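Each chain is listed here by its residues.
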Amino acid sequence: MPDSVHSWPFAGRDAELRALAAALDAHGTVVIVGEAGVGKSRLARELVTRTAGPAGSGFALASESAREVPLAPFAPWLADDPRETPGSPVAPDASVIHRLVDTLRRQGAGWVLGVDDAHLLDAVSAAVVVQLAADRDVPLVVTVRSGLPVPDAVTALWKDDLAARIDLAELTPEQTHVVLETVLGGPVEPATEHRLHTISGGNVLWLRHLVETERAAGRLGRGPSSWRLVAPPEPSPALEDLVATRIGHLSDDERRALELLAFGEPIGLILLQRLADPAAVEELSERGLVDLQVDGIRQELRLSHPLYGEVVRARTSPLRARRLRGELAAILGTVGGRRAGDDLRRAVLGLGGDTPLDAATLVRAAGQATALGDIHLAERLFRAAREAGGGFEASIGLAQTLSWLMRPEEAEAELAAATEAAADDRERAHAAASRVFLLHFVLERTEQARAVLEEATARAASASPAAGADLAGIAANIAAVANRFDEAREHATAVRSRSDSSPLARIWAAYATGIVRAFSGTGPAVADVVEEGIAATAGTADAALWQLNLGYTQVLDAAFRAEFDDARARIEWLRAQPGPVAVAFVALYEARVALETGRPATAVRLVESIVDQFPGTGGGWSRMLHTISAAALAMVGDVDGARAALRRADETAHAGVQLVDPENQLAHALAAAADGRLVEAIGRAGAAATAARSAGQFAVEVVIRHAAVCFGDRSQRSRLHQLAEIVDGRRAPAALAHAAAMADRDADALLAVSRVLEDAELEMYAAEAAAQAAVVARGAGRLADATRAAERAAALAHRCEDARTPTLAASLSPLPISDREREVIHHAARGLTNRQIAEQLHVSVRTVESHIYRACTRLGLGDRAALVAAVVPSGLALDDGGTRRPAGMQ
């Protein structure tokens, strides 16, 4: 990990680097144009270094201080003659320029010249650059800052087609992700990544300062699984100076307009012109410090970069900031409320201003903050609403928010206050349902939750049928995650069938219905149910974040059915949702899709980036995340990593959430398979499939039985035939075809089903089917067909981020050994002694020795080390702990 902002590795700009290299090859000169701090110079140096030949490279550095000195950037290549020395009182004549150009041409084969900040070149130096570009004898890489005056000779480079111009934009969120993971040396929590990208605006220089400052201050630190901000970032003095320099000198009127925007953006154009001098506002726009955005008839102004606001706020005194916020809140109160978000803006300004707001406005604002995913702001607003006399709505909203923040003791206290403030049966039922949720999912006091639910339901039955239906919503949730699907359906139907059910009950009923649909593979279209629940979130201030859970049920349903376009559509929907919580759920959604589509290393990375956000049992999420990670690690052959993830899954198991049990058992089977213990893997898969069937998780049962087929189980055809009649989607029929081909040991059918699986994006399964085709064809003496199938399996495995399984290993290592012998050899590859292998396989040491002896004899090898080298594919490398891992995972 670098200790200085000056030593950051090159990262995140690979696509631009390739485009520039191609342009340099085609044109001989490239000009990189971009704003200060976007990484022009770093990219130029990387390009020069990578394209230079044996003679190396050089860099001419222009600067403001040397702009009046002819040829100053080319000082290293000038002769000692005073007439040719930069700063000489005699201006260089044509002969000096000619000799300099000739010197640059004679630097040697493959020499490349970089010219940094060419907009600061003196006229003579600019002429040298143009001549070199026109002659094309020396490859040139030139950088120019946008938004500043540029010498005509430099602009002629691209205007006269002497060079290719490439405009370099700020880093995208995806590029920021790559940069941060490279620099920090590990996964970064998505919310932290989002925050750093948003504040820096993708400016590499400012991102550097932010990261290094936050690390030094201890606000950016590494948790058990990922890097994360533990407090809001603060711009350092150095970064403040950089941004202040970019902003430039401000008049008093311009400063006031900029401060108003820093505390209240976006602000309507007419409104800002009422609060500040219109001429000052216009000047800020001319200087590129503010942007005008048009939304229908509404014209609003924003600061053109997030850091302008950070720095302006940091340099505004507390009293002045309070007065500015008060002014903004007061004037918004006279014209606001016309569209969603106005209440939130007024409330936020009111929190730090001197204009008090009413409780109703604060509750509405808190609901808007929740919908935007800013849960910490929602907490502040609900607290302010409670203190302003908000009563039940404020307390119940604060309790739900604290539950999301995993602060259950505080939430329980607020629920007590909400119960005390409840005015009727519906509000009492709402408070009781919220308390049941807290007790069951967050505090894991499942028996107490059951008792509270039973008592509240009995009371509501005699007082208010509508209140009883509201309680049925949380009952449906609890039943669904406990694999009591029939009970969950009954409760959910009771809620969804009533027109007067509360929004929160409708949300919970939709979530339970989505879970049942996804895991069973049967029932109403989950997309419709999810949309029903999302619509209900608009009707309550305390439950907007539930839409993230709802969306995940659709991703699960699509993944189990192998209809991945549906999952991606929901991911894109989520990307459009604001706030750090939504960013974390994007990683969760994508991790599930990555696991199912054969990108196990990506799944592990995504899980590791968010798992720290679910402390303890995480309301049931933690075990699911560790199970995903364990399955993915097994797929890449990391046996020890998979076992560690399974241990963490056991440690974070939730007593009231059994939904993930069958998948967890499958992960154990995958780990056994990765360890070469295929008999055990098939047995574990069988037990997992039985558990899934018993729970009504038929979609999951398909996944498990298909995995067993990949382990070599030839007995799955009958049950998969039944499941194909029950479960919707593309996966079940494809799994059945795979099972049938494996049962018949039909190499051609296995190859055909491999293509079907690939078309369904089930690429890991496609690779396994091709590998099995290779083994079967080889056994039948069809060596050419076996070779083609093995090549296909290898190509698919590579696309699956170099996945490694025993079946793939068998197809890549066509050796005449038995499955049992191969299993023993894989254990030996992990560094186990013969006695340890015997204990693992429940056989005698002599049996293990016999397997090794027979395999060595059959292959003509002298010892077990040579046997391991011959059988275990070369793509696997032995780590220090004895685990064979693909090279890409080290």
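Residues numbered from 1 in each chain as written. Predicted model: local features only at pLDDT ≥ 70, side-chain atom pairs only at ≥ 80, totals over all residues. Heavy atoms only, no water.

Trainee: Let's hear about the nonpolar core: which residues, and what values?
Mentor: Counting residues in each nonpolar core, the largest one holds 186 residues, and the members touching the most others are Leu 381, Ile 474, Phe 519, Tyr 552 and Phe 711. Not counting the four nearest positions on each side in its chain, Phe 519 is found in contact with Phe 485, Leu 556, Phe 560, Leu 659, Glu 663, Gly 696, Gln 697, Phe 698, Ala 699 and Val 700. (Core = buried A, V, L, I, M, F, W, Y, C linked by side-chain atoms within 4.5 Å. Buried < 20%, exposed > 50% of the residue type's maximum accessible area, 1.4 Å probe, protein only. Contact = heavy atoms within 4.5 Å.)

Trainee: An account of the environment of Glu 283 is requested, with residue identities and associated values reported.
Mentor: Within the secondary structure, Glu 283 sits in helix 12 (residues 278–286). For the pair Glu 283 and Ala 479, spaced 196 residues apart in the sequence, the C-alpha separation amounts to 62 Å. (Helix = DSSP H or I, 4+ residues; strand = E, 2+ residues; numbered from the N terminus.)

Trainee: Any details on the environment of Ile 267? Residues and values, ideally.
Mentor: Within the secondary structure, Ile 267 sits in strand 8 (residues 267–268). Taking the relative accessible area as the measure of exposure, Ile 267 reaches 1% and is therefore buried. With 65 residues separating them in the primary sequence, Ile 267 and Leu 332 have C-alpha atoms 9.4 Å apart. Setting aside its immediate chain neighbours within four residues, Ile 267 contacts Leu 260, Leu 261, Leu 272, Gln 299, Glu 300, Leu 301, Leu 328 and Arg 345.

Trainee: Tell me what's going on with empty space enclosed by the protein, and back it up with residues and numbers.
Mentor: If you walk through the whole model with that rule in mind, you get 4 cavities of 30 Å³ or more. Of the pockets and cavities examined, the largest cavity occupies roughly 370 Å³. Taken together, 30 residues line the largest cavity, and the ones lying closest to its centre are Met 635, Leu 666, Leu 670, Ala 707 and Tyr 765. Across the lining of the largest cavity, the residue classes tally to 22 nonpolar, 3 polar and 5 charged. (1 Å grid on protein atoms, 1.4 Å probe; cavity = no way out; pocket = protein on both sides within 12 Å on 5 of 7 lines; lining within 4 Å. Points joined across faces, edges and corners; volume = space filled by probe spheres on them. Nonpolar A, V, L, I, M, F, W, Y, C, P; charged D, E, K, R; others polar.)

Trainee: Would you mind going over the sheet that holds strand 5 (residues 164–167) in detail, with residue names and values included?
Mentor: Strand order across the open sheet formed by 5 strands is 2-3-4-1-5, with parallel pairing between neighbours. The open sheet has two free edges, formed respectively by strand 2 (57–61) and strand 5, since each of these has just one partner strand. Strand-to-strand twist across the sheet, computed as the mean angle between neighbouring axes with direction ignored, equals 20°. Sheet topology note: the strand 1 (residues 29–34)/strand 4 (residues 140–145) ladder contains 6 bridges and is parallel. Counted as the bridge partner of Val 30 is Val 141 from strand 4. In this fold helix 2 (residues 40–51) packs onto strand 1, strand 2, strand 3 (112–116) and strand 4, with an angle of close to 180° to the strand it touches most, strand 4. (Pairing = 2+ DSSP bridges. Axes fitted to C-alpha atoms, helices over the stretch in contact; angles between N-to-C directions.)

Trainee: Can you lay out the packing of aromatic side chains for me, pointing to particular residues and giving the numbers?
Mentor: As enumerated under the stated definition, the model contains 15 aromatic pairs in all. Both rings, one in Trp 404 and one in Trp 546, keep their centres 6.1 Å apart while their planes meet at 80°; by these two values the pair is edge-to-face. On the criterion of sequence distance, the pair formed by Trp 404 in helix 18 (residues 391–404) and Trp 546 in helix 26 (residues 546–561) is long-range, its members being 142 residues apart. Look at Trp 546 and you get buried, because its relative accessible area is 3%. (Phe/Tyr/Trp six-rings, centres within 6.5 Å; stacked < 30°, edge-to-face > 60°.)

Trainee: So what's going on with the packing of helix 32 (residues 661–674) against helix 34 (residues 698–711)? Residues and values would help.
Mentor: Axis separation between helix 32 and helix 34 bottoms out at 10 Å; the angle between their running directions is 10°. Considering their axes alone, helix 32 and helix 34 lie roughly parallel with respect to each other. Between helix 32 and helix 34, the residues in contact are Pro 662, Glu 663, Leu 666, Ala 669, Leu 670 and Ala 673 and Val 700, Val 703, Ile 704, Ala 707 and Phe 711, respectively. For the contact of helix 32 with helix 34, the per-class residue count stands at 10 nonpolar, no polar and 1 charged. (Parallel < 35°, antiparallel > 145°, perpendicular 65-115°, else oblique.)

Trainee: Could you give an account of the pairing of strand 4, naming the residues involved and the relevant values?
Mentor: Counting buried positions over the 6 residues of strand 4 gives 5, a clear majority of the element. Pairing between strand 3 and strand 4: 3 bridges, direction parallel. Bridged to Val 115 within strand 4 is Val 142. Regarding topology, helix 4 (residues 123–135) serves as the crossover connection from strand 3 to the parallel strand 4, and that connection is right-handed. (Right-handed = clockwise from strand over helix to strand, strands pointing away.)

Trainee: Describe the environment of Gln 665, listing the residues and the values that go with them.
Mentor: Inspection of the secondary structure assignment puts Gln 665 in helix 32. Here Gln 665 falls in the partly exposed class, since its relative accessible area comes to 26%. A sequence separation of 62 residues divides Gln 665 from Ala 603, and the C-alpha atoms of the two residues are 18 Å apart. Look past the residues within four positions of Gln 665 in its chain and what remains in contact with it is Ala 687, Ala 688 and Ala 691.

Trainee: Provide a residue-level description of the packing of helix 18 against helix 19 (residues 408–421), including the pertinent values.
Mentor: At a minimum axis separation of 8 Å, helix 18 and helix 19 run at an interaxial angle of 160°. Put simply, helix 18 runs roughly antiparallel to helix 19. Between helix 18 and helix 19 lies a crossing of left-handed hand. Note on element contacts: helix 19 touches helix 18 through Glu 410, Ala 411, Glu 414, Leu 415, Ala 417, Ala 418 and Ala 421, opposite Gly 391, Phe 392, Ser 395, Ile 396, Leu 398, Ala 399, Leu 402 and Ser 403. (Left-handed = near helix turned anticlockwise from the far one by under 90°.)

Trainee: Kindly report on helix 6 (residues 173–184), identifying the contributing residues and their values.
Mentor: For helix 6, spanning 12 residues, the distance from its first C-alpha to its last is 16 Å, which sits close to the expected 16 Å at 1.5 Å a residue. When we look at burial in helix 6, the residues that qualify are Gln 175, Thr 176, His 177, Val 179, Leu 180, Glu 181, Val 183 and Leu 184. Check the buried side of helix 6 and you find it contacts helix 1 (14–27), helix 7 (190–200), helix 8 (204–217), strand 6 (220–222), strand 7 (227–229) and helix 29 (600–610). Among the residues trailing helix 6, Gly 185 stands out with phi positive, at a value near 75°. (Expected span 1.5 Å × (residues − 1).)

Trainee: Go over the layout of surface pockets, please, and point to the residues and values.
Mentor: If you add up the space inside the second largest pocket, you get close to 710 Å³. Looking at the second largest pocket, it is lined by 27 residues, and the ones nearest its centre are Glu 174, Glu 193, Arg 575, Val 586 and Glu 590. Of all the elements in the fold, those that place two or more residues in the lining of the second largest pocket are helix 6, helix 7, helix 27 (564–575), helix 28 (580–596) and helix 29.

Trainee: So what's going on with unusual backbone geometry? Residues and values would help.
Mentor: Working note: non-glycine residues mostly have negative phi, and peptide bonds are mostly trans. In this structure, the amide linkage connecting Glu 265 to the following residue, Pro 266, adopts the cis form with an omega of -5°. Inspection of the secondary structure assignment puts Pro 266 in the loop between helix 10 (252–264) and strand 8. The phi angle at Asn 483 is positive, at roughly 65°, despite the residue not being glycine. Within the fold, Asn 483 resides in the loop between helix 22 (465–481) and helix 23 (485–496).

Trainee: Outline helix 33 (residues 678–695), supporting the account with residue identities and numerical values.
Mentor: If you check helix 33, its first and last C-alpha atoms are 25 Å apart, about what 18 residues at 1.5 Å a residue would give, namely 26 Å. Where helix 33 is concerned, the buried positions are Leu 678, Ala 681, Ala 685, Ala 688, Ala 689, Ala 692 and Ala 695. In a view along the axis of helix 33, the buried residues occupy a sector of 125°, so they form one face of it. In helix 33, the exposed residues that point more than 90 degrees away from the buried face are Val 679 and Ser 694. Once helix 33 ends, the next one or two residues include Gly 696, with phi positive near 80°. (Arc of directions from axis to C-beta.)

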